[in-house]
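# Examination of the molecular architecture
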Amino acid sequence: MRILYILLSVPILLSAQDMHFSMFSEMPVTLNPALSGVTYKQRSIVNYKNQWSSVGDKYETYGLSYEQTISHKRLKENYFSAYGTVYKDAAGNAKLNTLNPNIGMAYVQKINRNIKLSAGLQGGMYYRTINYDQLTWGEQFNGFSYDPNLPNGEQNLRNTSLTTYDIGSGINFNFVDNDNFSKSSKIRFDFGISAYHFGLAKNSFIQMDENLQTKYCAYLNGEINVPKSKNALLPSIIYVKQGPQTLYLLGSLFKIKLGDYSTYTGMKKTSSVSFGAYYRYNDAIIPSIIYQFDNYTLGLSYDVNVSNLTPVTNRKGGLEVMLRYNVLPGYGTNQGRTDTRSSY
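Conventions and cut-offs
- The numbering scheme is per chain: residues are counted from 1 as the chain's sequence reads.
- For a predicted model such as this one, the threshold for reporting local features is a pLDDT of at least 70, and the threshold for listing and counting side-chain atom pairs is 80 or more; totals across whole chains, interfaces and linings nevertheless cover every residue.
- Remark: hydrogens and water are excluded; side-chain values derive from all non-hydrogen atoms of the structure.
- In this text, helices come from DSSP runs of H or I with a minimum length of four residues, and strands from runs of E with a minimum of two, each type numbered from the N-terminal end.
- Between buried and exposed lies partly exposed: a residue is buried under 20% and exposed over 50% of the maximum accessible area for its type, with that area taken using a 1.4 Å probe on protein chains only.
- In what follows, a contact means two residues having at least one pair of non-hydrogen atoms within 4.5 Å.
- Using the Shrake-Rupley algorithm and a 1.4 Å probe, accessible areas are obtained, with residue cover drawn only from the displayed protein chains.
- Patches here are clusters of residues that have more than 30% relative accessible area and form no salt bridge, with a 9 Å joining cutoff for like charges and a 5 Å cutoff for nonpolar side chains (Val, Leu, Ile, Met, Phe, Trp, Tyr).
- The term salt bridge refers to a pairing of a side-chain nitrogen on Lys or Arg with a carboxyl oxygen on Asp or Glu at a separation within 4 Å.
- Put simply, buried Ala, Val, Leu, Ile, Met, Phe, Trp, Tyr and Cys residues joined by side-chain atoms within 4.5 Å make one nonpolar core.
- Here, strands pair whenever DSSP counts at least two bridges between them.
- Centres within 6.5 Å make a pair out of two Phe, Tyr or Trp rings, where for Trp the six-membered ring is used; the pair is then stacked when the planes are under 30 degrees apart, edge-to-face when over 60, and tilted otherwise.
- Two conditions define a charge located above a ring, namely a distance within 6 Å from the ring centre to NZ of Lys or CZ of Arg, and an angle within 35 degrees of the ring normal.

The next thing to look at is the overall build of the protein chain. In terms of regular secondary structure, the protein chain is built from two helices and 14 strands. For the protein chain, with 344 residues in total, the buried portion stands at 47%. Summarising the internal contacts of the protein chain: among those between residues at least 6 apart in sequence, 59% fall at separations of at least 24. A total accessible area of about 16700 Å² is found for the protein chain, and carbon and sulfur atoms account for 61% of it.

This is how it looks when you write it as structure tokens:
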């Protein structure tokens, strides 16, 4: 089992990739800075993910984000959105900790009643630390058993922390097909592309000239109302590439609208429940459920491992929890509709 811990820890030590959440739509600016402010005037999201606890020291990821739109009469129906995020990641028995705060800005241009185009830019920093004492090495095998008192034979393990800076940007196309007499849209989707890192961030504790590889993202997320009902399908397709690593995720939720907003008295609140599953290619099946009541949303998902690690993990991947609070709906008729999609 100690050998397995090494296999899980050393690749992270030498070539760490980005932290990520399975519910991409509930940490949208990790997918594209241009998604900030497209849907809600103000939005706060907290995420927590716990994975790999069945095979050793667990991997935990925390996320916190806040978005705020900024309007001005000279901008008319167009506006800016500012946001801040903080991510923290604790990975494996090497205690590889990452702290990643970011600030960003998006500009949203309303083309017409149905279409918005937005562009976003973010900047931030990475602070990483590691503890080599918890790793085991081949040189510490005395011929009969593992001896932690033996030297590990590694000469380059001097750096235990690194700090570097980062930048990312993207564009997004938002479309909503609705009318002024309907409270819900018939179809809605976001399509966008983004890139993070641009080769700026240092990545290695050993080779200080090695940079974190640029991450490219493309996605299509939608909401399609079921005819003659208040229910909807919420399909998603996401593609992420970072160096040799590629991620494909596709799936859909089915949303059931439980209650309507009381326009005149405000006593009744909009509520809905969405459930379904996603498939992350060659890695995991992700059943998910999202419950929305008024401005509050709670989401749960679980990664059921189907990769080559299945014999070790026994299909136990990771639990993810999300809590969202959107303060107010946004500017324009197709922004921030709490009676439509339960995600962004």
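Moving on, we get to a nonpolar patch on the surface. Together, Val46, Leu64, Val86, Leu99, Tyr127, Phe275, Ile289, Leu298, Leu300, Tyr302, Leu319 and Leu323 give the surface a local cluster of nonpolar side chains, amounting to about 980 Å² of exposed area. Elements supplying a minimum of two residues to the nonpolar patch: strand 13 (296-305) and strand 14 (316-326). The element best represented in the nonpolar patch is strand 13, accounting for three residues.

Here we come to the side chain of Thr61. Relative to the assigned elements, Thr61 resides in strand 2 (residues 59-70). Among the residues examined, Thr61 registers a relative accessible area of 2% and is labelled buried.

A separate point is the nonpolar core. A general trend in soluble globular proteins is that nonpolar side chains are found buried together. Counting residues in each nonpolar core, the largest one holds 17 residues, and the members touching the most others are Phe24, Leu31, Ile238 and Leu249. Counting residues per element, the ones that place at least two in this core are strand 8 (215-225), strand 9 (232-242), strand 10 (245-259) and strand 12 (284-293). For this core, the leading source of residues is strand 9, giving four residues. Judged by nonpolar contacts, the second largest core, of seven residues, contains Ala91, Leu96, Leu135 and Trp137.

Before going further, it helps to spend a moment on the pairing of strand 6 (residues 161-177). By the bridge criterion, 15 bridges tie strand 5 (residues 115-129) to strand 6 in an arrangement that is antiparallel. Residue pairing for strand 6: Gly124 is matched across the bridge by Asp166. Pairing geometry for strand 6 and strand 7 (residues 187-196), over ten bridges, is antiparallel. The residue bridging Val176 from the neighbouring strand is Arg188, located in strand 7.

As a further point, take the pattern of salt bridges. Tallied over the entire structure, the rule returns eight salt bridges. Through salt bridges that share partners, Lys49, Arg280, Asp283, Asp303 and Glu320 make up one connected network.

Turning to unusual backbone geometry, a few remarks are in order. Positioned with a positive phi, His197 is a non-glycine residue whose angle comes to about 90 degrees. The topology assignment puts His197 in the loop between strand 7 and strand 8. According to the relative accessible area criterion, His197 is buried, its value standing at 1%. Even without being glycine, Asn282 reaches a positive phi, approximately 60 degrees. Within the secondary structure, Asn282 sits in the loop between strand 11 (271-280) and strand 12.

Attention shifts here to the packing of aromatic side chains. Going through the model one piece at a time under the given rule, you end up with nine aromatic pairs. Consider the rings of Tyr248 and Tyr281, whose centres lie 6.1 Å apart with planes at 90 degrees: the pair is edge-to-face. Of the two residues, Tyr248 sits in strand 10 while Tyr281 sits in the loop between strand 11 and strand 12, which places them 33 residues apart along the sequence. Among the aromatic residues, those joined into a cluster by ring pairs are Tyr239, Tyr248, Tyr279 and Tyr281. Looking at Lys215, its charged tip hangs above the ring of Tyr196, at a distance of 4.9 Å from the centre.

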